[in-house]
Amino acid sequence: MDLTYTEEEQDFRARLRAWLAVVLPGLPARPSPDDWPGRRAYDAGWQRRLYDAGYAGLHWPLDAGGRGATPTQHLIFLEETERAGAPYVGANFVGLLHAGPTIAAEGTAEQRARWLPPVLRGDEVWCQGFSEPDAGSDLASLRTRAVRDGDAYVVTGSKVWTSHAEVADWCELLVRTDPDAPKHRGITWLAMPMDAPGVTVRPLRTLAGSAEFAEVFLDEVRVPVANRVGAENDGWRVTMVTLSFERGTAFVGEVVACRRTLGELARRAKENGSWDDPVLRRRMGRLYGEFGALWRLTQWNVSEAMGVPPVRAKSRTRGSSGGVPGTGGSVFKLAYSHARQELYDTAAQVLGAGSLVLDEEWTLDRLSSLSYTIAAGTSQIQRNIVAERILGLPKGR
């Protein structure tokens, strides 16, 4: 991949940086972490600003409502918005990073026209209905049942760890449509309206005291057949597309944030004297190298997701849908999960007792980092994928 910047890309960076300098000071105050309706409104307002300025869906293909930008322009956008401290995708991360890209890649023209513009404008929020109480790492064991009844599926079951379900308009939902088929072959991917009769949401509180997750109970919920993405019983393949985006490109902004966090830690270590510890310096140097390598892998994954071979990522724009991240997403997810945990363990070493104050952002981020070896596919699952699909090792018994 060519990692130098063209004159056009440098101009894009300058214009974006100037726009951020004007718009960010005028943003309203961030709402309380527990005020999810307020947080949804805040995130939606930011998304609308991006949309009006031409930056929403910058990297999405043209026929999905995006701008068809190059991978390098997309990465510049992520670098500059993180550098400026701009809001991230927030409550609609599922719509913008998971469901939206999946619909762009697998949906019909009618489905793309119905669901993608509201996501890009910030009008509609999505949640993810994949995991179940007895189907987490082994997602294909899901039991939520959908029975065809005319032009609708009747869905019964439950989901857990459903992010932002309490403020979502839509849910990307996995259901079992053929209980007699092998477990990977009887699954279907549906878009379910969260206001449908029979949907009950029960928030879950995390270790950090937040409630962004929920249980969702489905009691004979009717979902139109027209809301099915892909063919009936082909949902596992579509799910692999969703998970490829989730693991391969959904964390790109966080890598930039972690690199910034590492720089802030170095500054604080110099201020409080802990920088004099050679073991700490060596650990931070290794983390600097790891996050640098993760950023390069991110560039590769973003290029794949945008349908552009990485060796030509400088010149191609996306006229139509088609790109999906490959197995590099699992390599990234595995390495990133552990690097992030070590980053915040290092933060605890630098900050000392200050890292134990629950109201501090550092503490909350450290608690959150514990979940990264589970979220978006456990590290054990990622190791299996790397072993079987990249290294060609035989499947375990």
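None of these values were measured; they are calculated from a predicted model.

Analysis parameters
- Residues numbered from 1 in each chain as written.
- Predicted model: local features only at pLDDT ≥ 70, side-chain atom pairs only at ≥ 80, totals over all residues.
- Heavy atoms only, no water.
- Helix = DSSP H or I, 4+ residues; strand = E, 2+ residues; numbered from the N terminus.
- Buried < 20%, exposed > 50% of the residue type's maximum accessible area, 1.4 Å probe, protein only.
- Contact = heavy atoms within 4.5 Å.
- Areas by Shrake-Rupley, 256 points an atom, 1.4 Å probe, with all protein chains shown as cover.
- Phe/Tyr/Trp six-rings, centres within 6.5 Å; stacked < 30°, edge-to-face > 60°.
- Core = buried A, V, L, I, M, F, W, Y, C linked by side-chain atoms within 4.5 Å.
- Domains from an automatic or database assignment.
- Expected span 1.5 Å × (residues − 1).
- Arc of directions from axis to C-beta.
- Salt bridge = Lys/Arg side-chain N within 4 Å of Asp/Glu carboxyl O.
- Pairing = 2+ DSSP bridges.

### Description of the overall build of the chain
Then, in step 1: Scanning the chain from N- to C-terminus turns up 11 helices and 7 strands.
Then, in step 2: Residue burial in the chain is summarised as follows: out of 397 residues, 52% are buried.
Then, in step 3: For the chain, the proportion of contacts with a sequence separation of at least 24, taken over those separated by at least 6, is 73%.
Then, in step 4: As displayed, the chain has an accessible area near 18,100 Å², and 53% of this comes from carbon and sulfur atoms.

### A word on unusual backbone geometry
Then, in step 1: The phi torsion at Trp-161 lies on the positive side, around 60 degrees, for a residue other than glycine.
Then, in step 2: Topologically, Trp-161 is positioned in the loop between β3 (152-159) and β4 (170-176).
Then, in step 3: The exposed category is assigned to Trp-161, whose relative accessible area is 53%.

### As for the packing of aromatic side chains
Then, in step 1: Here the structure, examined in full by the defined rule, presents 8 aromatic pairs.
Then, in step 2: Aromatic side chains Phe-12 and Tyr-55 sit 6.2 Å apart centroid to centroid with 70 degrees between the ring planes, which places their arrangement in the edge-to-face category. Linking Phe-12 in helix α1 (residues 7-23) with Tyr-55 in the loop between α2 (36-53) and α3 (71-83), this pair joins segments that are 43 residues apart in sequence.
Then, in step 3: An angle of 70 degrees between the planes, with centres 5.5 Å apart, marks the rings of Trp-115 and Trp-170 as edge-to-face.

### Re the nonpolar core
Then, in step 1: Trp-46 and Phe-291 are the most contacted members of the largest nonpolar core, which totals 39 residues.
Then, in step 2: Elements that contribute at least two residues to this core include exactly α1, α2, α3, α7 (252-272), α8 (278-305) and α9 (328-351).
Then, in step 3: There are two domains that each give this core at least three residues, and those are domain 1 (7-88) and domain 3 (247-390).
Then, in step 4: The residues contacting Phe-291, other than those within four sequence positions of it, are Val-255, Cys-258, Arg-259, Tyr-336, Ala-339, Arg-340 and Leu-343.
Then, in step 5: Leu-96, Ile-103, Trp-126 and Leu-139 belong to the second largest nonpolar core, which has 28 residues in total.

### A closer look at α1
Then, in step 1: In this model, α1 (17 residues) spans 25 Å end to end at C-alpha, consistent with the 24 Å of a helix rising 1.5 Å per residue.
Then, in step 2: Taken as a whole, α1 has its buried residues at Glu-9, Phe-12, Arg-13, Leu-16, Leu-20 and Val-23. Burial along α1 is one-sided: seen end-on, the buried residues are contained in an arc of 105 degrees. Seen from the open side of α1, the exposed residues pointing more than 90 degrees away from its buried face are Glu-7, Ala-21 and Val-22.
Then, in step 3: Lining the buried residues of α1 we find α2 and α3.

### What about the pattern of salt bridges?
Then, in step 1: Enumeration according to the criterion identifies 23 salt bridges in this entry.
Then, in step 2: Across the pair Arg-17 and Glu-80 runs a salt bridge whose closest N-O atoms are separated by 2.7 Å. Taken together, the positions of Arg-17 in helix α1 and Glu-80 in helix α3 put the pair 63 residues apart, joining distant regions of the chain.
Then, in step 3: Arg-17 sits in the partly exposed class, given a relative accessible area of 37%.
Then, in step 4: On the basis of relative accessibility, which here comes to 2%, the residue Glu-80 falls in the buried class.
Then, in step 5: Its salt-bridge partner being Arg-112, residue Asp-63 comes within 4.0 Å of it at the nearest N-O pair.

### A look at helix α4 (residues 93-106)
Then, in step 1: Taking 1.5 Å per residue, 14 residues should reach 20 Å; α4 reaches 19 Å between its end C-alpha atoms and fits that length.
Then, in step 2: Of all the residues in α4, the buried ones are Val-94, Gly-95, Leu-96, Leu-97, His-98, Ala-99, Gly-100, Pro-101, Thr-102, Ile-103 and Ala-104.

### Re the side chain of Gln-47
Then, in step 1: In this structure, Gln-47 sits in helix α2.
Then, in step 2: The exposure class of Gln-47 is buried, given its relative accessible area of 7%.
Then, in step 3: Ignoring sequence-local partners within four residues, the contact set of Gln-47 consists of Ala-56, Leu-96, Val-119, Leu-120, Arg-121 and Gly-122.

### Quick look at the pairing of β4
Then, in step 1: Counting buried positions along β4 gives 7 out of 7 residues, so the element sits mostly inside the fold.
Then, in step 2: Of the two faces of β4, the one holding Trp-170, Glu-172, Leu-174 and Arg-176 and the one holding Cys-171, Leu-173 and Val-175 are both buried throughout.
Then, in step 3: With 4 bridges joining them, strand β1 (residues 126-129) and β4 adopt parallel strand pairing. In the sheet register, Trp-126 faces β4, and the bridge partner there is Trp-170.

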